[in-house]
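# Structural characterization, general
Here are the chains, one letter per residue:
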There are 2 protein chains.
Amino acid sequence: MAKETKISMAVIRRLPKYHRYLAELLTNDIDRISSKELSERIGFTASQIRQDLNCFGDFGQQGYGYNVRDLYNEIGKILGLDKNYKTIIVGAGNIGQAVANYSKFEKLGFHLQAIFDKNPKLVGIRIRDIEVKDVDCLNSYLAQNPTDIGIICVPKEHAQMVADIMVKHGIKGIWNFAPTDIKVPDDVIVENVHLSESLMTLSYRLNESNLFNE
Amino acid sequence: MAKETKISMAVIRRLPKYHRYLAELLTNDIDRISSKELSERIGFTASQIRQDLNCFGDFGQQGYGYNVRDLYNEIGKILGLDKNYKTIIVGAGNIGQAVANYSKFEKLGFHLQAIFDKNPKLVGIRIRDIEVKDVDCLNSYLAQNPTDIGIICVPKEHAQMVADIMVKHGIKGIWNFAPTDIKVPDDVIVENVHLSESLMTLSYRLNESNLFNE
DNA sequence: ATATTTTTGTGCATATTATAACATATTTAT
DNA sequence: ATAAATATGTTATAATATGCACAAAAATAT
Ligand SMILES: NC(=O)c1ccc[n+]([C@@H]2O[C@H](COP(=O)([O-])OP(=O)(O)OC[C@H]3O[C@@H](n4cnc5c(N)ncnc54)[C@H](O)[C@@H]3O)[C@@H](O)[C@H]2O)c1
Ligand SMILES: NC(=O)c1ccc[n+]([C@@H]2O[C@H](COP(=O)([O-])OP(=O)(O)OC[C@H]3O[C@@H](n4cnc5c(N)ncnc54)[C@H](O)[C@@H]3O)[C@@H](O)[C@H]2O)c1
């Protein structure tokens, strides 16, 4: 039975990893798994796995474990991967193109509808059969095409402005690659990908453990 | 006086954000800041800021606050940004090229030395004046050129193999973009960038708060 | 000079998160 | 059928992390 208490961010961040490991089990034709066995593969404690999953329902069975396919589907549903999302990318530079070209997001239900840039040299080129539009058309495009997720791949100086346009047109989810914290109303979700922060964490950890010697 | 206790990952993950906000203050010619004022900008509590910073030393002064430039430099040092790192990228596809082209990593001290791919069509092309080498040369390259950080941008099926080669040649830091958990000895640090997990978290949060209606 | 204000560093309380323990249900083996 | 083994969901306990409060120190104002 699903619990009512608010799920903590710590749990949420682990869900995609469960999803990934369950997908792997499926491709290996493993159709049942215990929290103990999953624990050994995924690296969380069995107790944590049981507690995490129990936030969302009684998916397991005593003496048996979890049915892999069922659990995979359930977690997919919890993550919202049973739905389809219309996405756009603003900024067709390095990261914008990389994300646009990554076809696996489509399989997860994230459908790229349009790409925008302000550079005339990029406007008109095709990325995965999608023609890059001038960012001047962003407002009118969004007015006509309801969009679920906006992906920001512009330099940080322009990120807030792009976000504002997205919010104005009802976009509720923003995936932000610019190294800045954009301000949005409470009913808009921003998920940041701060690559520089990730790299800095790596260098911190290298030095902390004295593994790095110049 | 710097503390001896081990710094928690929660604190470490906040350090790059301090660094970023301090850089911003510097460009705005603000040369002193209190934990209270920083708190209002950065969104952490003033108490947390003071406690975080105090893990590494008494950087502040009662009645005054923190000197922005000094603190910026200190945090840079803590993050290891006062050092230089030799990096290589393996996998010159979408993400590999995006990362290679991002010149700001150079400014932080991460110096891209070489790029490898197995695709003959990519071998020989130049990215930021660096010629893409055949991955068959990776072993001999690393044997001759000590490298600090290896950046993995190959499909997940090849990630472990690439990591093994890196580890064999003494690379101690791996920045991994492949959606898989690579296995390395205890003295090697892996920092993962799992973009799909980030996107799934966004869709979870969209659905959780009922902001998404298909 | 003195008083007032500011603001840190830190001890302590609270809240959150993770782990361990176990009663209970189910499966497997005999 | 019965016993032993397995493995869950859940409660209890431990470990972490955050926030509050305040003495002490320094800056600023009078
Ligand atoms: N490439 C990386 O590895 C990397 C790493 C860390 C952070 N980032 C961040 O990701 C973002 C994109 O980086 P990138 O490397 O792709 O940069 P890029 O310069 O290659 O691409 C940015 C694109 O945005 C376009 N643009 C600029 N202003 C615009 C606007 N107002 N509207 C529409 N398009 C606009 C530019 O024409 C350009 O094509 C930046 O904020 C960058 O800091 C990138
Ligand atoms: N592009 C994205 O937005 C995105 C998102 C999430 C995850 N990723 C992950 O990042 C990695 C790279 O993605 P991408 O989009 O750049 O893919 P890509 O196919 O564009 O690039 C992969 C590159 O690796 C090369 N390669 C393959 N095997 C190799 C080997 N053994 N040695 C050297 N080079 C090899 C290929 O020739 C190719 O150029 C993948 O693991 C992918 O799952 C990418």
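Residues numbered from 1 in each chain as written. Chains lettered and ligands numbered in written order. Predicted model: local features only at pLDDT ≥ 70, side-chain atom pairs only at ≥ 80, totals over all residues. Heavy atoms only, no water.

### Describing the relation of the copies chain B and chain A
Put simply, the test is: Only residues with pLDDT of at least 70 in both copies count here: their C-alpha atoms drive the least-squares fit that superposes the copies. In this description, contact between two residues means that some pair of their heavy atoms is separated by no more than 4.5 Å.
Relative to chain A, chain B is turned by 180 degrees and slid 0.0 Å along the rotation axis, the superposed coordinates differing by an RMSD of 0.0 Å. These values place the two chain copies in the arrangement generated by a two-fold rotation axis. Comparing contact sets, 100% of the residues at the interface of chain B also lie at the interface in chain A, consistent with an isologous, same-surface contact.

### Topic: unusual backbone geometry
Residue and element names in this part refer to chain B. The condition is simple: The way it works is that DSSP assigns letters per residue, a run of H or I at least four long becomes a helix, a run of E at least two long becomes a strand, and they are numbered from the N terminus.
Here Asp-29, not a glycine, exhibits a phi torsion of approximately 60 degrees, which is positive. Even without being glycine, Asp-129 reaches a positive phi, approximately 70 degrees. As for its placement among the helices and strands, Asp-129 is situated in the loop between strand E5 (126–127) and strand E6 (130–134).

### A short note on the sheet that holds E6 of chain B
To summarise the sheet geometry, strands pair through backbone hydrogen bonds and adopt either a parallel or an antiparallel arrangement. What counts here: Only strands that DSSP links by at least two bridges are regarded as paired with each other.
Strand order across the open sheet formed by seven strands is E5-E6-E4-E3-E7-E8-E9 (chain B), with mixed pairing between neighbours. Here the strands that pair on one side only, and so sit at the sheet edges, are E5 and strand E9 (189–192) of chain B.

### Observations concerning the protein's contact with DNA strand D
In plain terms, the rule: The cutoff for a nearby residue is simple: one of its non-hydrogen atoms must lie within 4 Å of the molecule or strand. Side-chain atoms alone can form a polar contact between residues adjacent in sequence; in general such a contact is a pair of N or O atoms within 3.5 Å, and within protein one must be able to donate a hydrogen while the other accepts it. Residue type decides the class: Asp, Glu, Lys and Arg count as charged, Ala, Val, Leu, Ile, Met, Phe, Trp, Tyr, Cys and Pro as nonpolar, and the leftover types, Gly among them, as polar.
The environment of DNA strand D is made up of 27 residues, and the closest members are Ser-35, Asn-54 and Gln-62 of chain A together with Ser-47 and Gln-62 of chain B. For DNA strand D, the fraction of protein-proximal atoms (within 4 Å) that sit in sugar or phosphate groups is 65%. Ser-47 of chain B is positioned with one of its side-chain polar atoms (N or O) 2.7 Å from a base nitrogen of DNA strand D. The contact in question runs from a sugar or linking oxygen of DNA strand D to an N or O atom on the side chain of Gln-62 of chain B, over 2.6 Å. Taken together, the elements giving at least two residues each to the surface near DNA strand D come down to helix H3 (46–54) of chain A together with helix H3 (46–54) of chain B. Element by element, the count of residues in the surface near DNA strand D is highest for H3 of chain B, at four residues. Among the residues making up the surface near DNA strand D, the classes are represented as four nonpolar, 17 polar and six charged.

### Some points on the interface of chain B and chain A
The condition is simple: Buried area: the sum, over both parts, of the accessible surface (1.4 Å probe) that disappears when the two are put together. Salt bridges are identified by distance alone: a Lys or Arg side-chain nitrogen within 4 Å of an Asp or Glu carboxyl oxygen.
The partner chain A presents 66 residues to the 66 residues of chain B that form the contact. Looking only at chain B, the three residues that lose the most surface to chain A are Leu-199, Met-200 and Tyr-204 of chain B, adding up to 12% of its buried area. Counting every contact that joins chain B to chain A gives 10 salt bridges. A salt bridge links Arg-20 of chain A to Asp-181 of chain B, with the nearest nitrogen and oxygen atoms 3.3 Å apart. Put simply, chain B and chain A have 24 residue pairs in polar contact (both at pLDDT 80 or more) between them. Element by element, the count of residues in the side of chain B that touches chain A is highest for helix H9 (residues 195–208) of chain B, at 14 residues.

### Here's the deal with the protein's contact with DNA strand C
Gln-51 and Gln-62 of chain A together with Ser-35, Asn-54 and Gln-62 of chain B are the nearest of the 27 residues found near DNA strand C. A distance of 2.9 Å separates a base nitrogen of DNA strand C from a polar atom in the side chain of Ser-47 of chain A. In the model, a base nitrogen of DNA strand C is placed 3.2 Å from a nitrogen or oxygen of the Arg-50 of chain A side chain. For the surface near DNA strand C, the secondary structure elements donating two or more residues are helix H1 (9–27) and H3 of chain A together with H3 of chain B. Per-element tally for the surface near DNA strand C: the top contributor is H3 of chain A, with four residues. Across the surface near DNA strand C, the residue classes break down as four nonpolar, 17 polar and six charged.

### Brief notes about the side chain of Asn-176 of chain B
Residue and element names in this part refer to chain B. Quick note on the threshold: Throughout, exposure labels follow a simple rule: accessible area from a 1.4 Å probe, protein chains only, divided by the maximum for the residue type, with under 20% read as buried, over 50% as exposed, and the rest as partly exposed.
Checked against the element boundaries, Asn-176 lands in strand E8 (residues 173–176). Residue Asn-176 is classed as buried on the basis of its relative accessible area, which comes to 0%. Ignoring sequence-local partners within four residues, the contact set of Asn-176 consists of Ile-152, Ile-182, Val-190, Glu-191, Asn-192, Val-193 and His-194.

Everything listed is a geometric property; what it means functionally is a separate question.
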